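# Notes for the structure review
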Amino acid sequence: MQTRRKLLLKSFKGVDILILALAFAVSTILAYSPSGDISLSEFLAIRVKIENIVFVGLLAVLSHMVFLFFQLYESKRLATLQSECFDLIKTTSLIALMLATLALLFNVEIVTPIFLMTFFLVSVGLLILSRVILRVTLKQVRLNGRNVRNILIVGTNPRAVQFARDIQSKPDLGYRLVGFLD
């Protein structure tokens, strides 16, 4: 079971980097062709330099580190979608700032303010969409009795009882109350 979780987590991290790559590609296409009608063959014919590959690789590694720094791969069962979206906006803002800084260091001319805005909007939109899809999927999985965690609440004060009620009223969180320890 732990192996499956690790595989899913690695896949999740890979999807995030692919989303950023897609946002970068969309921004590049729009920067090269403001009307957005560049053909695939024209896009693939763009000359790629070694420093551009290093630039993109460095951006991918730094982006992964930013995702880890903002703890986007920690459990978000009890977090609201709104708080997770806010974390994604902060993360993507920092990544866009790093992109601008790296573009200055590597002298990448395509990274303009319009490019950065497009990158930011596409990234945020797709990352939020991926989180919504993940939440809906996990909700269904948990309602079907999978990915459920047992909890034991220490104490029986009114706050502990209210917490137990809150947990039991939301079965989609995937928590099964075992009892109280007093």
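A brief structural summary. (Residues numbered from 1 in each chain as written. Predicted model: local features only at pLDDT ≥ 70, side-chain atom pairs only at ≥ 80, totals over all residues. Heavy atoms only, no water.)

Assigned secondary structure in the chain consists of 6 helices and 2 strands. Along its sequence from the N terminus, the chain presents helices and strands in the succession α-α-α-α-α-β-α-β. Dimensions of the chain, computed from C-alpha atoms along their principal axes, come out at roughly 65 × 30 × 30 Å. Long-range pairs, those at least 24 residues apart, make up 78% of the contacts in the chain between residues at least 6 apart in sequence. For the chain, the exposed surface amounts to about 11900 Å²; the carbon and sulfur share of it is 65%. Charged side chains in the chain number 20 positive and 11 negative. The centres of these two groups are separated by 12 Å. (Helix = DSSP H or I, 4+ residues; strand = E, 2+ residues; numbered from the N terminus. Contact = heavy atoms within 4.5 Å. Areas by Shrake-Rupley, 256 points an atom, 1.4 Å probe, with all protein chains shown as cover. Lys, Arg positive; Asp, Glu negative; His and termini not counted. Charge placed at Lys NZ, Arg CZ, Asp CG, Glu CD.)

Quick look at a nonpolar patch on the surface now. Residues Leu152, Val154, Val178 and Leu181 make up a contiguous nonpolar surface patch of about 410 Å² in total accessible area. For the nonpolar patch, the secondary-structure elements that each account for two or more residues are strand E1 (149-154) and strand E2 (175-181). Within the element layout of this structure, Val178 appears in strand E2. Judged by its relative accessible area of 57%, Val178 is exposed. (Patch = residues over 30% accessible without salt bridge, like charges linked within 9 Å, V, L, I, M, F, W, Y side chains within 5 Å. Salt bridge = Lys/Arg side-chain N within 4 Å of Asp/Glu carboxyl O. Buried < 20%, exposed > 50% of the residue type's maximum accessible area, 1.4 Å probe, protein only.)

Below, the discussion takes up the layout of surface pockets. Counted as a void, the largest pocket has a volume near 1200 Å³. Around the largest pocket, the lining is made up of 34 residues, and of these Arg5, Leu134, Leu138, Arg142 and Asn147 lie nearest the centre. Counting only elements with at least two residues in the lining of the largest pocket, the list comes to helix H1 (2-32) and helix H5 (113-143). Here the lining of the largest pocket is composed, by residue class, of 15 nonpolar, 5 polar and 14 charged. (1 Å grid on protein atoms, 1.4 Å probe; cavity = no way out; pocket = protein on both sides within 12 Å on 5 of 7 lines; lining within 4 Å. Points joined across faces, edges and corners; volume = space filled by probe spheres on them. Nonpolar A, V, L, I, M, F, W, Y, C, P; charged D, E, K, R; others polar.)

The next point concerns the pairing of E1. Across 6 bridges, E1 lies against E2 in parallel orientation. Paired with Ile151 across the two strands is Leu177, which belongs to E2. In terms of handedness, the path from E1 via helix H6 (residues 158-168) over to E2 forms a crossover that is right-handed. (Pairing = 2+ DSSP bridges. Right-handed = clockwise from strand over helix to strand, strands pointing away.)

Turning our eyes to something else, we now look at the side chain of Ser130. Summarising the element assignment, Ser130 is placed in helix H5. Of the polar contacts made by the side chain of Ser130, one reaches the backbone oxygen of Leu127; its length is 2.7 Å. Non-local contacts of Ser130, meaning those with residues more than four positions away in its chain, are made with Asp16 and Ile19. (Polar contact = N/O pair within 3.5 Å; in protein donor to acceptor, adjacent residues only side chain to side chain.)

Turning our attention to the nonpolar core. Counting residues in each nonpolar core, the largest one holds 26 residues, and the members touching the most others are Ile95, Leu99, Val111 and Phe119. Those elements that place two or more of their residues in this core are H1, helix H3 (50-69), helix H4 (81-106) and H5. By residue number, the principal contributor to this core is H4, which donates 7 residues. Residue contacts for Val111: discarding those within four places in its chain leaves Leu99, Ala100, Ala103 and Leu116. (Core = buried A, V, L, I, M, F, W, Y, C linked by side-chain atoms within 4.5 Å.)

So, about H1. Under the 1.5 Å per step criterion, the end-to-end length of H1 is 45 Å for 31 residues, consistent within 8% with the ideal 45 Å. Among all positions in H1, only Phe12, Asp16, Ile19, Leu20, Ala23, Phe24, Ser27 and Thr28 are buried. (Expected span 1.5 Å × (residues − 1).)

The subject of this paragraph is H5. In a regular helix each residue adds 1.5 Å, so 31 residues correspond to 45 Å; H5 covers 45 Å between its end C-alpha atoms and thus fits that length. Among all positions of H5, only Phe115, Leu116, Thr118, Phe119, Ser123, Val124, Leu127, Ser130, Arg131 and Arg142 are buried. Against H1, H3 and H4 lie the buried residues of H5. One or two positions beyond H5, positive phi appears at Gly145, with a value near 85 degrees.

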